[in-house]
Every structure is written in structure tokens, then in C-alpha cells.
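Here's the letter readout for the chains.
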Amino acid sequence: MAKVRGTGIAAVNYPTGMNLGGDPTQALIHATTTGSFVISLSSTDLGQGLKTVLAQIGAETLGVPFENVLIDTADSDTGPHCMGTFASRATHRAGNAIIMAAKEARKVMLEVAADELEANPADLDTDGQGNIFVKGSPDRSISIVNVALAAHFKYGRTISGRGIYIKPKSEVDPETGAMDPDSTEAHACTVAEVEVDTETGEVTVLSIKSAYEVGRQVNPALVKGQIEGGSFMGMSHALYETTNPYYPSPEYHPTTFSEYVLPGPHELPIIESVVLEYPSVNGPYGVKGVGEMTANSPIPAIVNAISNAIGVRLTEFPVTPEKVLKAIKSKAVA
Amino acid sequence: MTVAEQPLSVVGKSVYRRDGIGHVTGKTIYVDDISFPDMLHLKMVRSPLHHARIKGIDFSEAEKVPGFVRALTYKDVPKNIYTILCLIGVGPDDEPVLAAERVRYKGEQIAAIVAETEEAATEAASRVRLDLEELPAVFDVEEALKPGAPIVTDWGTNYFVYEGHECRRVRFGDVEQGFAQADYIVEECYQTYPTEHAPVETTACVAKPEPGGRYTVYTNTQALFFTLDNTALILQIPFNKLHFVGGTVGGGFGGKVDVIVEPIATLAAMKTGRPVKYKYTRTEEMQVSSTRSAWRMYFKDGVTKDGRIIARKVTSYADSGAYNRHTPYAVTKHAANVAGPYAIPNVWIDAYCVYTNRQPASAMRGFGVTPASFALECQMDKIAQTIGMDPWELRFINAYRNGDIKPHRKVVEDATLIEVMQAAAKLVGHPLPEHLLAMNSWDREAR
């Protein structure tokens, strides 16, 4: 029995959005008399934290506390249209739509505040703590709740805004493939370290270490969550998962998680990451996207590390113990 | 002021996610938590064969099961043949909601059973007798393209037709001239296998008739309006008869962009006048829900002695399974990305969307790009080994820069490949030589 170690790298790009059919998303914002700002959408939170980051973007542009922003999403009777949460598009598209809507709502909010404070709207600013104040005279201020009440009961105005972001449809040239199919590119480089048991063919991933560049991070903890979840998912794809283990044969099709095997918590490798921020030209506050790509660089990095460890180039994934042993045997025969 | 210099207050802060506590304490309401007093349950009668002609369906034993309410077949579906991406002009329609004359994959939906309980629906579905005539099946993408292969589609070819072509093409520069000038030719075939999304929450919906004649559909779709619009088209009802409610999903990964459970559950609600739940079991999620396509990718690269990749020719085959779903689009996205984040002056790509008698593939995290990144990053290591160059060095000297033109004629404007490689090397303590540390993505001469 021998255990051999190897290291592999992979560097990838990943595009944001898919507009070969057009790619719009809308957002509507209105202030209630409770001081809340409701952002109506039809975007779906898949567990990645979309509702949280979109509230952050809305709060930032409105200039109000995060706690005052509510996300009301995915009711087709009340939310405006969204293409959906896929293609790493949701934060980019909905975020841009929210900024547009929030700018309109903020303008009305400052106009009403200006009337109440007997000031020029251009001289006002928000403190992000729930107040609007005269620049240079912070004692002349009014709370956003009082602005909302005044707008409704005194001035008959709605503090509201409409936003849409669309990346127009791109036609593909059927001869050359010329197209403009996405908005921006995020990047990652992963270094994986593995240990291979040459007797059993089992692979232990020791570490997955990555550098990401995702434009602006709206919520660094959620970006890290994506990176760590994606690293483990990529490892699972690299070593375990398939519905057709003897593809193209349809035999041995799994029915449950006892047959469709996933790695358990005890197999969690060391996962480390650094995130660079080079804001994109068209994303909300420079956002690119980090939704899909986090499994992409770990897979080839791990497979390259196994190739490096055993001295045979592997060309498929998942790399099961059976395939590792066959590769080692092929080298011995050669 | 550039974006990077803007002072920000809450963007960039790790505020706690609001739904986190609900998720980790089991309080979040998912679709399967939704129930109504008179709710019915829907289970599918599925094909036990990979490819077969349907000669008859006998419900007589199923109807005897206590709690059986009714069965639905293709005759009940107003527009039975659909394709999800018809909404953005992709066609032709190819997939039946319920199979009529033919089944093209094992597990394909043939008839729906609606019953008072989940157990009764399951029992009744198991008692439906199918008279099937087995047909020859094809499972390999290259076998499927050979003359004489069993034909999966109704239009007569086992490939998707891209504006008159049998594949999605990218043509950039002169790849044969590039090969002629190369010192090395590096070839390899890469294969990925079908992968299940494996969400914790299986695909599900509840469709409920409302007193005003509308239908409320509680769904875990990733794309609310895609699903609503397709459901209305299949049922041939005005869009505004439908009210879709969603927004909280227990894992999607692309698997919930398909439109499978909502149309038939809504039809069952229309036919029975009662709420209907259709929820995949784990086995259905594994065996009949979409997977990531398997991909076979042939690479041929022309490389100079000093490590420049000057020509790349890729022929890729995506195994779409029996129907379109999202794979025709995935193939185009693959074609735009399979040359990789590298500046290669001559590129030729033929990417095929191929039909087989397998459970349909569809969208999945990394949509056409995950297999591309896998193949091309393994290929980079193979090139490095072949020409005797350090794999970091090979990637650095070929990395694309801002202002480059990608093979699909898009100008690169957000490249940072060099920067993430420098940061990754630093993170793992891998020393890079000075000339690689001096590079950046904005200035090609900085080396």
C-alpha cells in the first residue's frame, strides 16, 4: 500500500447573464408610512442569500438603514417581471433594476424632506441611520418615517420608484459564432492538493485553495459561503457524482443518496480563499457574479492533482476509485 | 470617481441574512409544507423502457384503488407538445407533457393519477397496465449521429439544427494555418458524466383553484414567469388566469428551471376543481428529473516551442437526452467559452446538441461552461507536460488581456485572469518568477 500526493491548478472565467433571448428584470420600490421601503420583485432566492444582498443594494442607493428595506418577491400578482435566478444573473440584473428604482424614490424622498426642512433638495443627504439632514447643518434633520408620513398625509406624494435592467437580445451569427452573450466575466484560480491510495484507488482531497475576482462583493460572508459550498460541490462532482456511472450505459442508475454517493462532513478538505475586487463596468456597484462558477475551477484542479499524483493523465470526471486503479494499471502495463 | 472609490455604507458589509435563522431551525416554509384540507395528490405512470411505442393504457385496476379520483392522459392536455425556451424563440416544440404514441426515455411521463392521498395515488399508478412495443434505443452521442441510428426526435435528426447547421459553429482566424505553423500538436478527448442537481428540496408544486376562476400555484421554480408563461401556453389559458407564488427554494442549481410539475398539476386542479400537489420523490429526482448533460469534447491544439497556443479546434457533443429542455442554449454558451480565458488567434469550434434515449439533460450550475473549463484546464496541463513547460507559466503567457477579441468576436473588458493566478500562487506559497509577477491584465507589454 502506498499513498502518493499531487497538486493541480486550474484557472477559469465565468460569464454573467445569458441574453441570447434578451435578459430583463424589473424592480418597483415604494415607501410605507412605517418607514419601510418595500422592493417588489419576481426574483427567486435559491438559498444563496439573494433577498439579503438585494436589500443591501436597495438600502445603499436609498441611503436608508438595511433594516428598513423589505424584499417582497416572487408573487406574480404583485411583483414585476424577472427572467429568473440562473446564469449568475440575479444580483447583477435585479441589483441594477433596484438602483434605478431607488434613485427615483430617493429623489422624491429628498424633495419631501426639503419641503419639511425648508431647504433645497440638493443640499440634503441621508445619514444611512434613518435620517435626512442639511449638509453642513446636521441638527436640521428629519427621520425617514416622518418624511414618509408627510409625503402621504400632507403633500399627497408617493415615495416610489421604477427600475428595469435589460441586456438586449444578441443574435448569433450562424457562420462565425459572433455574439455578445453575456455582460461581464468573473475569474478564479484554484490549487488543489490530493492524496491517492494506490491500493484502493481512493482519493483524499487535502486542500482546495482559490483566488476569486467577482467585481464588487455585496456581502463578503455570502460570497465566502458560495466559494466554500462550490468548492465542496466541485470536489463531489470531481470524485463521486453521476447518474450513469458506466456512461453511456444507462445501467446502475441510482435511486437514492445511498447509491448516488456524496462526500460526508468528515471528507471536508481545508478550503481557503482570497477575493479580489475589480468592479465591472456594468454591474450594480461593480458586481459581476459568483453564483455558478465556484464548482468550476475545483473540478479540473482536483483531476489535475490526481494526474500529477499517479503520473497518468486523467480525462474524465468523476474520478472514481475504479478509474484511478485502471489508470494506475494502464501505466504499469505501458 | 470610479466605482471602486465610492464610499459605501452597507454594500460590502457581511450583514446577517434574514432567512438564515429560519433555514437552519427548520421554520422556513417550503412548497411541501403547503397543504389544503381537500388537497389531492398526483403521481405519474412512467415508462419502464428506454424507447417504446405506446399501444395501449389500461386504467381498470387503478380505478379500483380506494381514493382514486381520476387519470389524465395526453388527450387531456390542450397543447401537449412544448419546449421551455419557445419563450425566447428556441424551437421546435418537441416534448410531450404526457407521452402520446412514443416514449423516448425510461421514466418518461405517460399518465397522471390523481387520488385522495399520496399512498392511493402511488398504488393506483402502480396498477396501470401499459402495452408497450420496445424500440431500439441509442445512448452514445457519436453512435446517435451515425447513419441508421434509432431516431429520437420527430424532426428526423438526432441533433439540434442551428440556423441550418448541424452544430453551433465558432470560426476565428485560420485554424489549419495555425496547425501548420505549430511545433507541437496536442490532442485529447475529454468526457464528463451526467450529474444530478441533488437539491435537498425535491421539485414540487401545489396548484389550487380559486373561487374567481383563477389558479394559485405554489412552486419552487427558479424562474417564476418562465414557468407561469409555459404553463399558460400548455393549458391554452390566458396568462392572467394564473397566480404563481414562490421565491424560496431549497436548492436549485439549475434543476428547477424546467417546467415539469406545474402544468400537469394545474391541469389536474382544473379537471377536479380541487388543490393538487405534485412532488417528486427522491427517486424521481434521481431517475427522471433533468441532469447536467454528459459532454464529450475532442481538443486539438497547435502550440509553439515557446508555449504559445496558436490554434485550437474543438468538437463537442452534449448529450441532451431525449428532449431539448435547455441544452440547445447550453451548447451555444459552451461554444462561446470552450476556447477558454486565453488569447488564441485561430479557433474552430463545432458544438453539437445530440439526442439520445436518456433522461433529458437541462440547465445545471455552470451551464455548458463547467465541462468546457474541465476539458480545457486538463488540456492546459497536458500541453505543459508535452512541451516541458511549467503549467503556471503556460497559463500566464496565454492569458487573455483587456482589449483582446474572443473567438466569438466579443472584446474582453473585464479580464483579471492574471491577477487571480498571482493571488492563488501567493495564497498557497508557490513562488512565481519575476516576469510572471510583473504581468497584468491591462498591459500586454508588462512582462
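Residues numbered from 1 in each chain as written. Chains lettered and ligands numbered in written order. Predicted model: local features only at pLDDT ≥ 70, side-chain atom pairs only at ≥ 80, totals over all residues.

Student: Can you explain the overall build of chain B? Please cite residues and give values.
Tutor: The secondary structure content of chain B amounts to 13 helices and 19 strands. Its C-alpha atoms give chain B principal-axis dimensions of about 80 × 65 × 35 Å. Going through the 447 residues of chain B one by one, you find that 56% of them count as buried. Taking all contacts inside chain B whose residues are at least 6 apart in sequence as the whole, residues at least 24 apart take part in 77%. (Helix = DSSP H or I, 4+ residues; strand = E, 2+ residues; numbered from the N terminus. Buried ≥ 20, exposed ≤ 12 C-beta atoms within 10 Å, placed from the backbone. Contact = placed C-beta atoms within 7 Å.)

Student: Go over the overall build of chain A, please, and point to the residues and values.
Tutor: Of the regular secondary structure elements, chain A holds 6 helices and 12 strands. For chain A, the C-alpha atoms occupy an extent of roughly 90 × 45 × 40 Å along the three principal directions. Residues classed as buried in chain A amount to 57% of the 334 residues present. Summarising the internal contacts of chain A: among those between residues at least 6 apart in sequence, 75% fall at separations of at least 24.

Student: Residue-level account of the pairing of strand β10 (residues 184-192) of chain B, with values.
Tutor: Bridge count for strand β12 (residues 316-317) of chain A against β10 of chain B is 2 bridges, and the pairing is parallel. Across the sheet, E316 of chain A pairs through a bridge with Q191 of chain B, a residue of β10 of chain B. Pairing of β10 of chain B with strand β17 (residues 294-303) of chain B involves 9 bridges; the strand directions are antiparallel. Its bridge partner lying in β17 of chain B, Q191 of chain B is registered against R296 of chain B. (Pairing = 2+ DSSP bridges.)

Student: Explain the interface of chain A and chain B to me, and be specific about the residues and the numbers.
Tutor: Accessible area lost during the coming together of the parts is what is often quoted as the interface size. The interface of chain A with chain B comprises 104 residues on the first partner and 99 residues on the second. Looking at the side of chain A that touches chain B, the elements with two or more residues in it are β1 (3-15), α1 (50-62), β9 (185-197), β10 (203-213), α4 (220-239), β11 (270-276), α5 (298-310) and β12 of chain A. With 7 residues, β1 of chain A is the single largest residue contributor to the side of chain A that touches chain B. In terms of residue class, the side of chain A that touches chain B is made up of 49 nonpolar, 38 polar and 17 charged. (Nonpolar A, V, L, I, M, F, W, Y, C, P; charged D, E, K, R; others polar.)

Student: Residues and numbers for the packing of α5 of chain A against helix α10 (residues 369-387) of chain B, please.
Tutor: Where α5 of chain A contacts α10 of chain B, the two axes come as close as 8 Å, and the packing angle between them is 35°. Crossing angle aside, the handedness with which α5 of chain A passes α10 of chain B is right-handed. Between α5 of chain A, through I299, P300, V303, N304 and S307 of chain A, and α10 of chain B, the contact on the second element is made entirely by T370, S373, F374, E377, C378 and D381 of chain B. Taken together, the residues of the contact of α5 of chain A with α10 of chain B break down into 5 nonpolar, 4 polar and 2 charged. (Axes fitted to C-alpha atoms, helices over the stretch in contact; angles between N-to-C directions. Left-handed = near helix turned anticlockwise from the far one by under 90°.)

Student: I'd like a rundown of the domain arrangement of chain B, residues and numbers included.
Tutor: All names here are of chain B. Split into domains, chain B comes out as domain 1 (31-135 + 198-280) and domain 2 (168-195 + 290-410). Summarising the inter-unit geometry, the C-alpha centres of domain 1 and domain 2 are found 37 Å apart. Opposite the 16 residues of domain 1 that make contact, domain 2 presents 18 residues. Its residues assigned to classes, the side of domain 1 that touches domain 2 shows 6 nonpolar, 6 polar and 4 charged. (Domains from an automatic or database assignment.)

Student: Can you tell me about the pairing of strand β1 (residues 40-46) of chain B, naming the residues and giving the values?
Tutor: All names here are of chain B. In terms of burial, β1 is a largely internal element, 7 of the 7 residues being buried. Here β1 shows a buried face lined by L40, L42, M44 and R46 and a second buried face lined by H41, K43 and V45. With 6 bridges joining them, β1 and strand β7 (residues 109-115) adopt antiparallel strand pairing. Residue pairing for β7: R46 is matched across the bridge by Q109.

Student: If you had to explain the environment of T216 of chain B to someone new, which residues and values would you point to?
Tutor: All names here are of chain B. Tracing the backbone shows T216 in strand β13 (residues 215-219). Taking C-alpha positions, T216 is 57 Å from R444, a pair spaced 228 residues apart along the chain. In contact with T216, other than residues within four places in its own chain, are K208, E210, H243 and V245.

Student: Any details on α1 of chain A? Residues and values, ideally.
Tutor: Residues and elements named next belong to chain A. The end-to-end C-alpha separation of α1 is 18 Å, in line with the 18 Å expected for 13 residues at 1.5 Å each. When you tally the buried positions in α1, you get 13 out of 13 residues, the bulk of the element. G63, located one to two residues past α1, shows a positive phi value of around 80°. (Expected span 1.5 Å × (residues − 1).)

Student: Describe the sheet that holds strand β8 (residues 160-167) of chain A, and please don't skip the residues or the numbers.
Tutor: All names here are of chain A. Read from one edge of the open sheet, 4 strands run β4-β3-β2-β8, paired in mixed fashion. Looking at the sheet topology across the chains shown, the edges are occupied by β4 (69-73) and β8. Averaged over all adjacent pairs, the angle separating strand axes in this sheet is 20°, with direction ignored. As paired elements, strand β2 (residues 23-31) and strand β3 (residues 37-41) share 4 bridges and run antiparallel to each other. Note on β3: the bridge partner recorded for I29 is I39. The strands that helix α2 (residues 90-117) touches are β2, β3 and β8; relative to β8, the one it contacts most, it runs at about 150°.

Student: Any chance you could break down the sheet that holds strand β2 (residues 52-58) of chain B for me, citing the residues and the numbers?
Tutor: Residues and elements named next belong to chain B. The strand order across the open sheet built from 3 strands is β6-β2-β8, with neighbouring strands paired in antiparallel fashion. Lying at the two open borders of the sheet, with one neighbouring strand each, are β6 (102-103) and β8 (129-134). Looking at chain direction, β2 and β8 are connected through 6 bridges and run antiparallel. Bridge pairing in β8 links R53 to E133.

Student: Run through helix α3 (residues 118-126) of chain B, naming residues and quoting values.
Tutor: Residues and elements named next belong to chain B. Buried within α3 are the following residues: A120, A121, A124 and A125. End-on view of α3: buried residues confined to an arc of 130°, all on one side of the axis. Against the buried residues of α3 lie β1, α2 (60-63), β3 (68-72) and β7. (Arc of directions from axis to C-beta.)

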